[in-house]
Amino acid sequence: MADVRAVIWDMGGILYPTPFELLDELEASRGWPPGTLSRGPFSPGGDPDYAKCSTGELTESEYWKRYQQASAANGRPLDLKREIDWTGTERPEVMATIEVLGRRFRQATLSNDSSEWLGYGWWDSWPYAHLFEHVIDVVTLGVRKPHPLTYTTTAQRMGLHVAECLFVDDMAVNIEGAEAVGMPGFFFDHTRVAASCSDLVSYLSLG
């Protein structure tokens, strides 16, 4: 990967856990038995609807709307975007990897849905912004991944060609969007966090 000069990170599911991984505490606070709520891709049989997010058949916003509607229909009303507190939930393995990569690569973030979970303007007070040259939420661009402009605009802001940036995401459709404009992609499996971090470091010839 000698041509790569920057790593561009998606956030949800990578820097931060998926909502599925934070449901134990929510269930306990409601007095619901453990496992009351579906764990999506972390369930033994997986989740066909969530798989559609990765292929682009569903947006994540559409998925979570369906998820909450199904839960309400079962007598378990939810408002996950208000009820989950993300403070201190950053993945330590990923943050350590960002620190390691920062010694050799420039870095940025490019997120589709962070404003839905963290609130509009979250980037102004995000405590990890100093680790990245640019922190980009697509609400400021007017288009969402996998739209080509999300990738080309990020590269342009860094003063780099798309081929000089590696895009890391946990949704295959977004990786495909990056590769379609000539930006190499790395699929991050959020069900195998430690392995994905190790694979990324190796992919960049640092391991």
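Because the structure is a prediction, the values reported are computed rather than measured.

This paragraph deals with the nonpolar core. Counting 42 residues, the largest nonpolar core has Trp9, Leu15, Tyr67, Leu80 and Val94 as its most contacted members. Looking at this core, the elements with two or more residues in it are strand E1 (6-9), helix H1 (23-30), helix H2 (48-55), helix H3 (60-73), helix H5 (92-101), strand E4 (165-169) and helix H9 (193-203). When residues of this core are assigned to their parent elements, the largest contribution, four residues, is made by H5. In terms of nonpolar packing, the next biggest core, distinct from the first, is built from 16 residues, Ala6, Val162, Ala178 and Met183 among them.

The subject of this paragraph is the pairing of E4. Burial runs high along E4: five of the five residues are buried. Here E4 shows a buried face lined by Cys165, Phe167 and Asp169 and a second buried face lined by Leu166 and Val168. Sheet topology note: the E1/E4 ladder contains four bridges and is parallel. Along E4, the bridge assignment pairs Trp9 with Val168. In this sheet, strand E5 (residues 185-187) lies alongside E4 in parallel orientation, the contact comprising three bridges. Along E5, the bridge assignment pairs Phe167 with Gly185. After leaving E4, the chain enters helix H8 (residues 172-180) and then returns to the sheet as E5, a path that is right-handed.

All told, the structure shown has 14 salt bridges when counted by the stated rule. One salt bridge connects Glu164 with Arg5, and the closest N-O pair in it is separated by 3.4 Å. You can see Glu164 sitting in the loop between helix H7 (148-157) and E4 and its partner Arg5 sitting in the segment before E1, a full 159 residues away along the chain. According to the relative accessible area criterion, Arg5 is partly exposed, its value standing at 41%. Residues participating in the shared-partner salt-bridge network are Asp10, Lys145 and Asp169.

Procedures and definitions
Per chain, residue numbering runs from 1 following the sequence as it is written. At least 70 in pLDDT is required for a residue's local features to be given in this predicted model, at least 80 for side-chain atom pairs to be given and counted, and no such filter applies to totals for whole chains, interfaces and linings, which use all residues. Just so you know, side-chain values use all the structure's heavy atoms and leave hydrogens and water out. Among buried residues, the Ala, Val, Leu, Ile, Met, Phe, Trp, Tyr and Cys ones that are joined through side-chain atoms within 4.5 Å form a nonpolar core. Partly exposed describes any residue whose relative accessible area lies between the buried limit of under 20% and the exposed limit of over 50%, with all areas from a 1.4 Å probe on protein chains only and scaled to the type maximum. Numbering of helices and strands runs from the N terminus, with a helix taken as a DSSP run of H or I at least four residues long and a strand as a DSSP run of E at least two residues long. Should DSSP find at least two bridges between two strands, the strands are regarded as paired. By convention, a crossover is right-handed whenever its connection, traced from the first strand over the helix to the second and viewed with the strands pointing away, goes clockwise. Just to be clear on terms, a salt bridge is a Lys or Arg side-chain nitrogen sitting within 4 Å of an Asp or Glu carboxyl oxygen.

By themselves, these are just geometric observations and shouldn't be taken as functional.
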